[in-house]
Amino acid sequence: MSTERPEETVREVTQAEAEKAGETQRPNGWVNPLRDQRDRRLPRIAGPSGLVIFGVTGDLSRKKLMPAVYDLANRGLLPPGFSLVGFARRDWADQDFAEVVHEAVREHSRTPFREEVWQQLAEGMRFIPGTFDDDEAFEQLRSSVEELNVTRGTGGNYAFYLSVPPKFFPQVVQQLKKHGLAKAAEGSWRRAVIEKPFGHDLESARELNAIVHDVFEPDQVFRIDHYLGKETVQNILALRFANQMYEPIWNRSYVDHVQITMAEDIGIGGRAGYYDGIGAARDVIQNHLLQLLAFTAMEEPIAFDAEALATEKLKVLKSAKLPEDLGVHTVRGQYAAGWQGGEKVVGYLEEEGIDPGSTTDTYAAIKMELDNRRWAGVPFYLRTGKRLARRVTEIAVVFQRAPHSPFDSTATEELGENAIVIRVQPDEGMTVRFGSKVPGTSMEIRDVTMDFAYGESFTESSPEAYERLILDVLLGDANLFPRPEEVEASWKILDPIEEFWATQGKPAQYAAGTWGPEEADEMLARDGRSWRRP
Ligand code: BG6
């Protein structure tokens, strides 16, 4: 039986209500930041609740999760008694934990620091020292949760965020079950938030799903793919399904091909332990890029809800068809030493903690098609890499050439293909590229672009993906969380590629600071196409 009762925990506060409320201080001492920091896009406030983070000493927690919690509080989107509980193997008291969070917030939060918001949040912070096999620590967690129900009024509603390496998932969920934390009392909820990577291949993903679902009901589990929390990714749906002008041409009759790029300029930093043996394709194609593909290619969902979205995304993932010759239509690369931003950087094999004989991919490019009526025969090229020329994520829908031209061929010599480019980051927005007459007495046509930039059209800055997703978890809104079937379908796409790569020797090398291995350019050149250089 489901324990989800989101309607009881969601409080809708409209702009008008917030303004009418007008106070900065409520009788119970709650500071109401809505008064001066209003948010028109997310006028939803989580009901009484708490967040328990496992792996709270990790990078993700420090750089993203803790700052996101503060930013939500600062925007008035958390309940007054909100509680944050950290669990980790550190000899910390609550106060030490609060100091760590404080530092993370000062360094990484998006919104300005405000002492009164911080104080209120800090009062609800608790820390449980312990390892994942420590029964006593989980008992202490249970008492803490009960104490917070009383002192902070969390209503027994808790989300458990597993920001831990996947090998610990089974143990943590089992411990939550054993200590009675996974089941909620009548009228309250418990949820599990699971970070990627969700498995290493199809088989391990299935095993993990089975373990998690042995403890939690499907609607209690939220799998994070933080790309879905990005405004520009959600905008793919707005663009396609709230407008009339794109959808008629969004198909094989007009589209030549689609390029999805996620390029990073950073190397692997201090993440050798996680990254080596995983590689670029498992790290981001299996999740972020295939989700971008699903949003780009899916049919219109019958409603904007979790069920309908998952149904359409799953159809796309299941229709994926890989080329027969993976040796020609996929490329795996590894960065060698090079120059980046005026600095000399080491190659992957020289990075600290990396096995010098490692064949892990830091670059991956694949071609695939979708076996359905809308997209039959249209190639989708996906690529990602570390230490590339610049950080950029975009989806380029490239159109066929006009079927006929009344102009001399010289007039259109400089004309490229029409394209709609959804700029996911960092320069959030959209570009439409088309041909236009060059001013002058002769007919000469060249590419021009028309731009929409978030920064120019809207005054609000985009929330961080984790703000949106943590809030959604607290509200029980599952729209932006991939389902287990999607995770498994994505592994089904990637497994044959990884298996093929495992039989090959070393990945192609590319110098840091470039656009990847030459083999990737050759891969597209064989199809008569070329990668964009955004
Ligand atoms: C993570 C990957 O999921 O996404 C990292 O594990 C990658 O390797 C990161 O650097 C990129 O996220 P963003 O939001 O900076 O594009």
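A brief report on the enclosed structure follows. Predicted model, so just to flag it, every value in this text is computed and none were measured.

1. Focus: the overall build of the protein
Each helix and strand counted, the protein has 17 helices and 20 strands in total. A globule of 534 residues ought to have a C-alpha radius of gyration of about 24 Å, and the protein, at 25 Å, matches this closely. By principal-axis analysis of the C-alpha atoms, the protein measures approximately 80 × 60 × 50 Å. Expressed as a percentage of its 534 residues, the buried residues of the protein come to 55%. Approximately 23300 Å² of the protein is accessible, and the part contributed by carbon and sulfur atoms is 50%.

2. Here we look at the packing of helix H3 (residues 59–74) against helix H4 (residues 94–108)
For the pair H3 and H4, interaxial distance at closest approach is 8 Å and the crossing angle is 90 degrees. With respect to H4, the axis of H3 lies roughly perpendicular. On the side of H3, the interface is formed by Arg 62, Lys 63, Met 66, Pro 67 and Tyr 70, while H4 contributes Phe 97, Val 100, Val 101, Ala 104, Val 105 and His 108. The class makeup of the residues in the contact of H3 with H4 is eight nonpolar, one polar and two charged.

3. Side note on a negative patch on the surface
On the surface, Asp 91, Asp 94, Asp 96, Glu 99, Glu 103 and Glu 107 cluster together into a negatively charged patch. By secondary structure assignment, the location of Asp 91 is in the loop between strand S4 (83–88) and H4. The class for Asp 91 is exposed, based on a relative accessible area of 76%.

4. Re the site of the ligand
Close to the ligand lie 14 residues; Tyr 227, Lys 230, Glu 264, Asp 283 and Gln 425 are nearest. Asp 283 is positioned with one of its side-chain polar atoms (N or O) 2.6 Å from an oxygen atom of the ligand. A distance of 3.5 Å separates an oxygen atom of the ligand from a polar side-chain atom of Arg 391. Contact with the protein chains covers 83% of the free accessible surface of the ligand, which is 400 Å². Looking at the shell around the ligand element by element, the count peaks at three residues for helix H11 (residues 279–297). Its residues placed into classes, the shell around the ligand shows four nonpolar, three polar and seven charged.

5. Remarks on the sheet that holds strand S6 (residues 158–162)
Read from one edge of the open sheet, six strands run S5-S4-S3-S6-S7-S8, paired in parallel fashion. Looking at strand neighbours, the two that pair on one side only are strand S5 (125–129) and strand S8 (221–223), the edges of this open sheet. Each strand axis lies, on average, 20 degrees off the axis of its neighbour in the sheet, ignoring direction. Pairing of strand S3 (residues 50–54) with S4 involves five bridges; the strand directions are parallel. Along S4, the bridge assignment pairs Phe 54 with Phe 87. Strands in contact with helix H7 (residues 169–178) are S3, S6 and strand S7 (190–194); relative to S6, the strand with the most contacts, it is inclined by about 160 degrees.

6. Focus on the packing of aromatic side chains
Applying the stated criterion across every chain, the model contains 23 aromatic pairs. An aromatic cluster is defined as three or more aromatic residues linked by ring pairs; in this entry it consists of Phe 54, Phe 87, Phe 132, Phe 138, Phe 160 and Phe 168. Here the guanidinium or amino end of Arg 223 rests over the ring plane of Phe 198, the centre of that ring lying 4.8 Å away. A cation sits over an aromatic face here: Lys 230 above Tyr 227, 4.5 Å from the ring centre.

Parameters and conventions
Residues numbered from 1 in each chain as written. Predicted model: local features only at pLDDT ≥ 70, side-chain atom pairs only at ≥ 80, totals over all residues. Heavy atoms only, no water. Helix = DSSP H or I, 4+ residues; strand = E, 2+ residues; numbered from the N terminus. Rg over C-alpha atoms; globule rule 2.2 N^0.38 Å. Buried < 20%, exposed > 50% of the residue type's maximum accessible area, 1.4 Å probe, protein only. Areas by Shrake-Rupley, 256 points an atom, 1.4 Å probe, with all protein chains shown as cover. Axes fitted to C-alpha atoms, helices over the stretch in contact; angles between N-to-C directions. Parallel < 35°, antiparallel > 145°, perpendicular 65-115°, else oblique. Contact = heavy atoms within 4.5 Å. Nonpolar A, V, L, I, M, F, W, Y, C, P; charged D, E, K, R; others polar. Patch = residues over 30% accessible without salt bridge, like charges linked within 9 Å, V, L, I, M, F, W, Y side chains within 5 Å. Salt bridge = Lys/Arg side-chain N within 4 Å of Asp/Glu carboxyl O. Lys, Arg positive; Asp, Glu negative; His and termini not counted. Charge placed at Lys NZ, Arg CZ, Asp CG, Glu CD. Near = heavy atom within 4 Å. Polar contact = N/O pair within 3.5 Å; in protein donor to acceptor, adjacent residues only side chain to side chain. Pairing = 2+ DSSP bridges. Phe/Tyr/Trp six-rings, centres within 6.5 Å; stacked < 30°, edge-to-face > 60°. Lys NZ or Arg CZ within 6 Å of the ring centre and 35° of its normal.

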